[in-house]
Amino acid sequence: MYGNLKNYLSEEIAKLHEQKLYKGERIIESPQSSEITVKGKKVLNFCANNYLGLSSHPELIKAAHEEIDNRGYGLSSVRFICGTQDRHKELEQKTAEFLGMEDSILFCSCFDANGAVFEPLLGPEDAIITDALNHASIIDGIRLCKAQRWIYNHADMRDVEEVDPTTGKSGKGLERCLKEAKAAGCRFIMVATDGVFSMDGDIANLPPICDLAEQYGALVMVDESHASGFMGKNGRGTHEHHNVMDRVDIITTTFGKALGGASGGCIAGPKEVIDWMRNKARPYLFSNTLAPAVVGATIKCLDILSNSTELRDKLEANTKKFRAEMTAAGFDIIPGVHPITPIMFGKYDNCSELAVKFADRMLEEGVYVTAFSFPVVPRGKDRIRVQISAGHSTEQIDTAVAAFIKVGKELNMIK
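Keep in mind that this is a model prediction, so the values were computed, not measured.

Asker: Go over the sheet that holds strand β1 (residues 35-38), please, and point to the residues and values.
Answerer: Here we have three strands laid out as an open sheet, ordered β1-β2-β15, and mixed in their pairing. Every interior strand has two partners, whereas the edge strands, β1 and β15 (367-368), have only one. In terms of strand pairing, β1 meets strand β2 (residues 41-45) through four bridges, oriented antiparallel. Note that in β2 the partner of Thr37 across the bridge is Lys42.

Asker: For the packing of aromatic side chains, give the residues involved together with the corresponding values.
Answerer: On inspection of all chains with the given rule, the structure shows nine aromatic pairs. An angle of 85 degrees between the planes, with centres 6.3 Å apart, marks the rings of Phe331 and Phe358 as edge-to-face. With Phe331 in the loop between α13 (310-329) and β14 (340-344) and Phe358 in helix α14 (residues 351-364), this residue pair connects regions lying 27 residues apart in the sequence. Grouped by ring-pair contacts, the aromatic residues Phe46, Phe322, Phe331, Phe345, Tyr348, Phe358 and Phe404 constitute a single cluster. A cation over a ring is seen here: Arg26 above Tyr368, with NZ or CZ 5.1 Å from the ring centre.

Asker: So what's going on with the nonpolar core? Residues and values would help.
Answerer: Among the nonpolar cores identified, the biggest contains 88 residues, and Phe331, Phe345, Phe358 and Phe404 are the most heavily contacted of them. Sorting elements by how many residues they give to this core places helix α12 (residues 292-307) first, with nine residues. The residues contacting Phe404, other than those within four sequence positions of it, are Phe322, Met326, Phe331, Ile343, Phe358, Met362, Val369, Ile384 and Val386. Grouped together as the second largest cluster of nonpolar side chains are 24 residues, Phe107, Ala116, Met221 and Ala281 included.

Asker: So, the sheet that holds strand β17 (residues 383-387): which residues are in play, and what are the values?
Answerer: If you walk across this open sheet you meet the three strands as β14-β17-β16, and the pairing is antiparallel. Two strands lie at the open edges of the sheet, namely β14 and β16 (371-372), each paired on one side alone. As paired strands, β16 and β17 are joined by two bridges and run antiparallel to one another. What sits directly across from Phe372, in β17, is Arg383.

Asker: An account of helix α7 (residues 174-183) is needed here, citing residue identities and associated values.
Answerer: Spacing of three or four residues puts side chains on the same side of an α-helix, whose turn is 3.6 residues. Among the residues of α7, Leu174, Glu175, Cys177, Leu178 and Ala181 are the ones counted as buried. An end-on view of α7 places all buried positions within 160 degrees of arc, on one side of the element. Along its buried surface, α7 packs onto β4 (127-131), β5 (148-152), β7 (170-172), β8 (189-194) and α8 (206-215). Directly after α7, the chain includes Gly185, whose backbone phi takes a positive value near 75 degrees.

Asker: Can you break down a nonpolar patch on the surface residue by residue, with the values?
Answerer: On the surface, Tyr2, Leu5, Tyr8, Leu9, Ile13, Leu16 and Tyr22 cluster together into a nonpolar patch covering about 670 Å² of accessible area. Relative to the assigned elements, Leu9 resides in helix α1 (residues 2-18). Using a relative accessible area of 35% as the deciding quantity, one classes Leu9 as partly exposed.

Asker: I'd like a rundown of the side chain of His88, residues and numbers included.
Answerer: Checked against the element boundaries, His88 lands in helix α4 (residues 86-99). We classify His88 as buried; its relative accessible area is 1%. Discounting residues that sit within four places of it in the chain, His88 has contacts with Leu75, Arg79, Gly83, Leu106, Thr289, Leu290 and Val295.

Asker: Kindly report on the pattern of salt bridges, identifying the contributing residues and their values.
Answerer: Enumeration according to the criterion identifies 29 salt bridges in this entry. A salt bridge links Asp156 to Arg158; the nearest nitrogen and oxygen atoms lie 3.0 Å apart. One salt bridge in this structure joins Asp313 and Arg312, with 2.8 Å as the shortest N-O distance. With a relative accessible area of 34%, Asp313 lands in the partly exposed category. Residue Arg312 is classed as buried on the basis of its relative accessible area, which comes to 12%. When salt bridges with common partners are traced through the structure, they connect Arg361, Glu364, Glu365, Lys406 and Glu410 into a single cluster.

Calculation criteria
- Residues numbered from 1 in each chain as written.
- Predicted model: local features only at pLDDT ≥ 70, side-chain atom pairs only at ≥ 80, totals over all residues.
- Heavy atoms only, no water.
- Pairing = 2+ DSSP bridges.
- Helix = DSSP H or I, 4+ residues; strand = E, 2+ residues; numbered from the N terminus.
- Phe/Tyr/Trp six-rings, centres within 6.5 Å; stacked < 30°, edge-to-face > 60°.
- Lys NZ or Arg CZ within 6 Å of the ring centre and 35° of its normal.
- Core = buried A, V, L, I, M, F, W, Y, C linked by side-chain atoms within 4.5 Å.
- Buried < 20%, exposed > 50% of the residue type's maximum accessible area, 1.4 Å probe, protein only.
- Contact = heavy atoms within 4.5 Å.
- Arc of directions from axis to C-beta.
- Patch = residues over 30% accessible without salt bridge, like charges linked within 9 Å, V, L, I, M, F, W, Y side chains within 5 Å.
- Areas by Shrake-Rupley, 256 points an atom, 1.4 Å probe, with all protein chains shown as cover.
- Salt bridge = Lys/Arg side-chain N within 4 Å of Asp/Glu carboxyl O.

Pasting the structure below:
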């Protein structure tokens, strides 16, 4: 029977190759850092989520080693049976305090956290209202829930129904969705949004979202995966960046990006919500415990960030420098303040092929970046998504910009 499936998959994979959409893997032969080794060659890394440069930080590595020595390699259990150590509780407390919430609950990833957060809280008599460009994990989590669903055009707060220029699909503004959910007599209504949208690096406009949620009696849930650790004055996230820390009800986030870069995630919110999750969230009840080494290193990470804003301040300065110099060079980049800096290729012929060729040439110049094309981004929105880190030196940023300019001129993208 597999023969039929094998033939089908072989044909579809061949199509991906023909369309230049096949996503291969470049193998890293070194620790994750601002400089990595690929095929025996040292290159500058400008496409990791290592925002604060902590993935190979010596204090985190030391903490991970100590945790293995003191608490072992793994727990071989789910949390509620025999898998909760004192250090898990300590990390949950520190995470909640850092995010400004009452309590938190750990998961093996934020994908799991987003898969867990909706179904225990909301049923068929309730409503979820979600941004059209929310992360796949939010989409999948909503699919697991039986609540009624509304999708609002990306970042559209209005009481309208029209075509979303971003997706090309007919859609509604957030207020229109809230009005319809309210008119439908929904018991609980939750607005779900990314804090930072990972493909464009744009930041959710949380103040009007919170205003509308309060007006219509809705909850606000924010995924802070691309914000925790560095957005806001103290790096708490987009809710601090927008000064709405006391107006967001539930946060999900990851430890796999700025907060150490290994694995793990959490849901943070009111104590009652977290207690309910411990009893009803399936990825918590039926998935193994977060490994001790990750727990110990993440605790050390939060301690570092709670004592100093030096890393987030350096990241902010690096981001401003790179964005300003790439704009001055003539590249088409999406404006913003986030370290995600998309270099857009949509206005050029054969943009998908051009983006891949550009990324390959950059690697030859000693700079590791990745091209993004359909279906990761919409057709015609091909890009190289550069991600700046606090681990980058001024000299490394200068080198990357110089390589971009060299390849950009070579491929007739800039003059």
